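Each chain is listed here by its residues.
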Amino acid sequence: MEKYVIQGGSRLHGEVSISGAKNAAVAILPATILCNEPCLIENIPNISDVSTIMKILSELGAKITVINKNTIEIDPSNVHRTEVPYEKARQMRGSYYFLGALLGRFHHSKVSLPGGCDLGVRPIDQHIKCFKALGAHASVEFGMVELSAGKLEGAHIYFDVSTVGGTINAMLASALAEGQTIIENAAKEPHVVDLANFLNSMGADIMGAGTDVIKVRGVKRLHGASYSIIPDQIEAGTYMIAAAATRGDILIKNIIPKHLECITSKLDKIGVTIMEYDDSIRVMGDKPFVKANVKAIPYPGFPTDMQPQISTLLCLAEGTSIVTESIFDNRFRYVDELRRLGANISVDSRTAVIEGISKFTAAPVKATDLRAGAALVIAALSAEGVTEIEDIHHIERGYENIEGKLRALGADIKKLIIPDSVLDQAL
Ligand code: EPU
């Protein structure tokens, strides 16, 4: 068992560099399969979701050469398998990008229904609708989604909901299809644009990514490319809030300020001091925090992946704040754990009402998912006393070296690894 032990109360100070975006990496790495030449990918975050994708690529037959910690060459020329091993695929959400990528290149793919954070019901009906529109036959049996097509032909796809995964899969499956595909009500998140940019650097013809209509003109083949993944908007936002909550003063480097606008403007309203530079941002928690209302909506709105972290900060703001989640059914599971640390939050369906408290107080807690875990880390850093956070594997799925980065900012955080044999003896 592994857990973080955090002595709260240290103000974060100094500099932190943001890693590549998880949700771009888990799309771009499977996309390399669409060509049969080596691709060099830089700024890959060193996180467990990426390791899982690498293992899948390798089991499919790709040759992976590690150039350094964050740069990898992937040679997919020997990929011939089109079925992703069940156990690997179900560990994470992004594994469903192998459905679109393998279908696009080989006209066949078989991947288990995806895993990922438990945020309520997460159907993939829109992905299936899109694959079918492109000419694929789709079946779901024994937990596996299987797609096959004689040929893929461009189509008009209208998504009933704005879906990041559906939009990315639509681009993956249509890049090599015959004719033009139009994706309407497309998701506009930065990682959607990053994937489109990567595919275009491989020779694809994709226009409009970042707007709600994307046009993909199918091309005959894609070639290898070198590409650097964008910085992680959510990792940056998490450090912004950690700095504010600990009354710290930090410089966050390697960011794209434009991607953070929705977070920056909300933090400014709450009373956090922010100074923006070209590719960095300084955040200071030097004023009292005031209540705010936040609604998590698709980009360019406030991201659902920052909802638990900002709710944590609002616990420390004077007055009553209201936070509404509009993307997922059940993204307030962390509230019970936050209550153990003293939060005063009531939840009714997709709305949380947060009454400000003067401080968090330490207690043993468990991360219920990735961003919930990040929220608990933030609360623990600012809490009085020593907080122990269990189930940190959720956090390590998405934050590169969070413990080391926080320690370098002056936090008192340790990772405890308790061997199973010791646990067995204790029971
Ligand atoms: N939806 C459907 N049908 C579909 C697809 C989605 O009804 O076929 C619904 C979902 O249930 C949800 C909404 O549409 O209510 C949006 O889901 P979306 O498809 O956009 O989310 P996702 O692709 O499953 C990605 C990120 C999530 C992030 C969301 C929203 C990856 C691997 N995951 O999930 O990231 O919260 O977009 O921005 O990119 C995280 O990083 O912590 C995380 C959960």
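Preceding this paragraph is the structure being described.
Presented here is a report on the structure given in the accompanying data block. As the structure is a prediction and not an experimental result, all values here were calculated from the model.

### Looking at the site of the ligand
- Taken together, 26 residues form the shell around the ligand, and within it Y96, Q126, T163, D305 and I327 come nearest.
- K22 is positioned with one of its side-chain polar atoms (N or O) 3.2 Å from an oxygen atom of the ligand.
- Between the ligand and G165, the relevant distance is 2.9 Å, taken from an oxygen atom to a main-chain nitrogen or oxygen of the residue.
- If the ligand stood free it would expose 830 Å²; the protein chains cover 91% of that surface.

### Points about the pattern of salt bridges
- A complete count under the given rule lists 24 salt bridges for this structure.
- Ionic pairing is found between R221 and E37, a salt bridge with its closest N-O pair at 2.8 Å. With R221 in the loop between β12 (213–217) and β13 (226–228) and E37 in the loop between α1 (22–31) and β3 (39–42), the pair connects residues that are 184 residues apart, well separated along the chain.
- Residues D305 and R331 are paired through a salt bridge, measuring 2.7 Å at the closest nitrogen-oxygen approach. Residue D305 is located in the loop between β17 (293–296) and α10 (307–315), and its partner R331 is located in the loop between β18 (320–325) and α11 (335–340); the two are separated by 26 residues in the primary sequence. An identical accessibility class is assigned to D305 and R331; each is buried.

### Here we look at the environment of I252
- Mapped onto the elements of the fold, I252 is located in strand β14 (residues 249–253).
- Under the relative-accessibility criterion, I252 is labelled buried at 0%.
- Considered as a pair, I252 and I310 are 58 residues apart in the sequence and their alpha carbons are 17 Å apart.

### Quick look at the sheet that holds strand β11 (residues 205–207)
- Across the sheet, which stays open at both edges, the four strands sit in the order β9-β10-β12-β11 with mixed pairing between neighbours. The sheet is open, and its two edges are formed by β9 (156–158) and β11, each paired on a single side. Neighbouring strand axes in the sheet, compared pairwise and without regard to direction, differ in orientation by 15° on average.
- Where β9 meets strand β10 (residues 180–184), three bridges bridge the pair, whose relative direction is parallel. Each residue of the ladder has a partner; that of H156, found in β10, is I182.

What counts and what doesn't
- Along each chain, numbering runs from 1 in the same order as the chain's sequence is written.
- Where totals are concerned, whole chains, interfaces and linings use all residues; where local detail is concerned, this predicted model gives features only for residues with pLDDT of at least 70, and gives and counts side-chain atom pairs only at 80 or more.
- The basis for the side-chain values is all heavy atoms of the structure; hydrogens and waters are excluded.
- Being near a molecule or strand, for a residue, comes down to having at least one heavy atom within 4 Å of it.
- Identification of polar contacts relies on pairs of N or O atoms within 3.5 Å, with a donor-acceptor requirement for protein atoms, meaning one able to donate a hydrogen and the other able to accept it, and with residues adjacent in sequence counted only if both atoms are side-chain atoms.
- Only the protein chains shown count as cover for residues, and all accessible areas are computed by the Shrake-Rupley method using a 1.4 Å probe.
- Salt bridges are identified by distance alone: a Lys or Arg side-chain nitrogen within 4 Å of an Asp or Glu carboxyl oxygen.
- The helix and strand labels rest on DSSP assignments: H or I over at least four residues marks a helix, E over at least two residues marks a strand, and numbering proceeds from the N terminus.
- Using a 1.4 Å probe on the protein chains alone, a residue whose accessible area is under 20% of its type maximum counts as buried, one over 50% counts as exposed, and one in between counts as partly exposed.
- Pairing between two strands is assigned when DSSP locates at least 2 bridges connecting them.
- Here an angle of 0 to 180 degrees is reported between the N-to-C directions of two axes, which are lines fitted to C-alpha atoms, with helices fitted over the stretch in contact.

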